[in-house]
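One letter stands for each residue in the lines below.
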Amino acid sequence: MAASQKPTQTATSPTLIDAGKPGTGGETHQTAGGKSPPLTTQQGVPVADDQNTLRAGPRGPALLEDFHFREKIFHFDHERIPERVVHARGFGAHGYFENYKPLADLTRADLFQRAGEQTPVFVRFSTVAGNKGSADLARDVRGFATKFYTKEGNWDLVGNNMPVFFIQDPMKFPDMVHAFKDEPDRGFPQAATAHDNAWDFISLTPEAMHMVMWVMSDRAIPRAFRFMEGFGVHTFRLVTAQGKSTYVKFHWKPKLGLQSVVWNEAVKINGADPDFHRRDLWDAIQTGDFPEWELGLQLFDDAFADQFEFDVLDPTKMIPEEQVPVQIVGKLVLNRTVDNFFAETEQVAFCTQNVVPGVDFTNDPLLQGRNFSYLDTQLKRLGGPNFTHIPINAPKCPVMNFQQDGHMAVRTPKGRVNYEPNSWADAPGPRESPTAGYQTFPEAINGPKQRVRSETFADHYSQARQFYVSQTALEQQHIANALTFELSKVQTLAIRVRMVSHLLNIDGELADKVAKGLRLKETPAAIPAAKPTRADLKPSPKLSILKNGPPSFKGRKVGALVTDGVDAGVLAALVKAVKAEGAVLKLIAPEVGGVKDSAGVWHDADEKLEGGPSVLFDAVAVLPSKDGADVLAKLPAARDFVADARAHRKFVGHAAAATPLFEKAGVADGIDEGFLPLNKAGDADAFVAACRKLRFWDRAAAER
Ligand code: HDE
């Protein structure tokens, strides 16, 4: 960036310096403002001119001896590393995990031994299928990967926002990912499973049906990373110092509750702000509204595992919380954005094999496959075996071993000893410790070598059905709509039909809705199931988002559309009420410069109307003056603002003056209880109180 250009302002932007008048090009910009240190090459040589290459005469050819130019371009040419083959698009932040009480009777893991102790963490959220530059609101699983820098080494809990997975055997992972990502001949569609290859694979993979229910549900279009759950998915073990093992499933519970957007909104958010999720996390942390989750454990033993309806090693199954309650043991707080996206978020290397003493694996086949894959992929991505030296990956406890050399070795071991055993009495180097060291749980293993799928993994539909029947009617409708949408993008009729045959094994009404939505000429027969679907599994209310809504509007955002002459008293009261709720208010105006209120006070706008559509907010307030409403009524972006807010079931606070705009936007006939008056200062509290329900879902019911 030329020194004369204005840098983007962020919460951390440096103060602007006067860089002088723009020149005609080519002039040197020496220590602007007298505060900059000298620019140097990578070798530390001060640079005299960073604007012009070295050439023979003003109009002559470039000279090869221009070491500064060659080094600068060489480095630029190598700025990218391979993006992750899955989970390429992600966003990370620093924070800490705080342990609530000692858990020594469950695990010897050091981070769980002392009440109140904080362990530093780095968390990276991600989508799965899209490339690094894809949009945030893809219908997709979200990664939720946590690196705990414990005193006994790094523990990586590499989870998702859904508790099950598509496949049971890691052998199928490359096929699954190939089928889901863009098709190889055309290189599209990007970040979407709404295409033939994805549904061809899915419809030939009955074990995927449970996960399909989750991915077609609103869980796949979260409103923010802050409002989603996380799951370790596999069954792990916690092991005490005495060697006692307890099975565990890990859960992250967002303090602010769960929330998703609706599909039509997701599609529009992707256009309005493809960085919606990363910006939300960045803004929350930058403004000190630190996102929090609680860590929950589902604990069980062999006796439970033996009588549970499904195999606890099968990653396509979960254990309903009603059967094994989630015990909260600590909290995760994200309180620091990265200093540099590449150095930290891009280079962070999670490996499922990174466990600490007291945490152990089970024989979940997918987990075992992952333990190979992650280490292997980091070698390719980060270029050598020393990626653990990069600060974001380096443990914050002592690291002592005789591993040495290799690409980009950063540590400098001292002395002569690089092996053990050795007999160098003065500096023998580190030694193994049978007591402090990691002890694998000595599970007895006996069995023939074979390539088989356990019979206990054969029920593919019962939990898919249980998930579906646990949802509210509205959430069930969203699942049917999502399936209809995705399968309508599938061009091959036989694939659509095959999918409906699976749905018949999950829920007849769902299959019927989708068959009608696709306008199949005839409903196919159900696909023969390896095991018949169980109808006796009780619904699990915890699986629904809407049945577990948060009690407050905290952490949410109101978009207030204002014009010149906006009622000063109403605006001030609204700002106050929103703030008191722990929410955020953004002003949207016809021009970004802002508006003058009825008292003549100027308010800078946060967004110009076209850049601040209502899809970016949880609720909206429409506060034009009488003249302002006439102006807004003529603007398509203003009409969309209110029409979308209504269609997306949002609460709309409004001044009486907004009527002409509502008429032009086609919402005047649909004013319902989700539209609340904002005509006097006293109305603000009632509007914010209504917003606590997040959406006015009754509007959807009325429309159905
Ligand atoms: Fe991953 N997965 N995965 N995965 N996964 C990767 O590792 C893999 C699976 C998950 O923010 C890759 O560093 C296999 C389940 C997250 O950096 C790769 C199998 C779950 C992230 C890989 C699975 C996950 C990854 C790609 C089936 C939830 C992003 C780049 C056997 C429990 C981590 C990388 C980050 C990333 C392999 C299945 C979660 C290739 C082989 C199940 C959150 O190693």
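Residues numbered from 1 in each chain as written. Predicted model: local features only at pLDDT ≥ 70, side-chain atom pairs only at ≥ 80, totals over all residues. Heavy atoms only, no water.

In the nomenclature of an unreviewed UniProt entry, the chain is known as Catalase of Limnoglobus roseus. Recorded in UniProt for the chain, the comment headed Cofactor (unreviewed entry) runs: "heme". (UniProt positions renumbered as here; feature names shortened; annotations may be inferred.)

Per the UniProt record, "active site" (unreviewed entry) is found at His87 and Asn160. Spatial clustering of the annotated residues is evident: they stretch over 74 residues in sequence, but the largest pairwise C-alpha distance comes to 10.5 Å. Within the secondary structure layout, His87 lies in the loop between helix H1 (67–77) and strand S1 (90–99). Aside from chain neighbours lying at most four places away, what touches His87 is Arg124, Ser126, Thr127, Val128, Gly143 and Asn160. Counting through the fold element by element, Asn160 comes out in strand S4 (residues 153–160). (Helix = DSSP H or I, 4+ residues; strand = E, 2+ residues; numbered from the N terminus. Contact = heavy atoms within 4.5 Å.)

With that out of the way, let us pick up the site of the ligand. In the region of the ligand, 22 residues are neighbours, and Arg84, Arg124, Arg370, Tyr374 and Gln378 sit closest. In this structure, Arg370 approaches the ligand through a side-chain N or O atom, which is 3.4 Å from a nitrogen atom. Ser373 has a polar side-chain atom sitting 3.1 Å from an oxygen atom of the ligand. Along the lines of polarity and charge, the residues of the shell around the ligand split into 11 nonpolar, eight polar and three charged. (Near = heavy atom within 4 Å. Polar contact = N/O pair within 3.5 Å; in protein donor to acceptor, adjacent residues only side chain to side chain. Nonpolar A, V, L, I, M, F, W, Y, C, P; charged D, E, K, R; others polar.)

In a perfect tetrahedron of four donors around a metal, the angles come out at 109.5 degrees. In a perfect octahedron of six, they are 90 or 180 degrees. Donation to the iron atom of the ligand from the protein comes from one atom only, Tyr374 (OH), at 1.8 Å. With respect to the helices, strands and loops of the structure, Tyr374 is situated in helix H9 (residues 365–382). (Donors = N, O, S within 2.8 Å, 3.2 Å for Na, K, Ca; no water.)

Moving on: the UniProt feature "binding site: heme" (unreviewed entry) in the chain. With numbering matched to this structure, UniProt assigns "binding site: heme" (unreviewed entry) to Arg84, Arg124, Phe173, Arg370, Tyr374 and Arg381. Along the polypeptide, Phe173 turns up in helix H2 (residues 173–180). Taking the relative accessible area as the measure of exposure, Phe173 reaches 29% and is therefore partly exposed. Once residues lying within four places of it in the same chain are set aside, the contact partners of Phe173 are Val86, Phe165 and Ile167. Leaving out residues up to four positions away in the same chain, Tyr374 has contacts with Val158, Phe350, Cys351 and Thr352. A polar atom in the side chain of Tyr374 sits 2.8 Å from the side chain of Arg370. (Buried < 20%, exposed > 50% of the residue type's maximum accessible area, 1.4 Å probe, protein only.)

Let's shift gears to the environment of Gly612. Mapped onto the fold, Gly612 is located in the loop between strand S15 (607–608) and strand S16 (619–623). Once the C-alpha coordinates of Gly612 and Ala637 are considered, the two residues, 25 residues apart in sequence, prove to be 9.1 Å apart. Not counting residues within four places of it along the chain, the set of residues in contact with Gly612 comprises Ile588, Glu607, Phe617 and Phe641.

Its location among the elements puts Thr150 in strand S3 (residues 142–150). What makes Thr150 buried here is its relative accessible area of 2%. Polar contacts involving the side chain of Thr150 include one to the main-chain amide nitrogen of Glu152, which spans 3.0 Å. Of the polar contacts made by the side chain of Thr150, one reaches the backbone oxygen of Gly153; its length is 2.6 Å.

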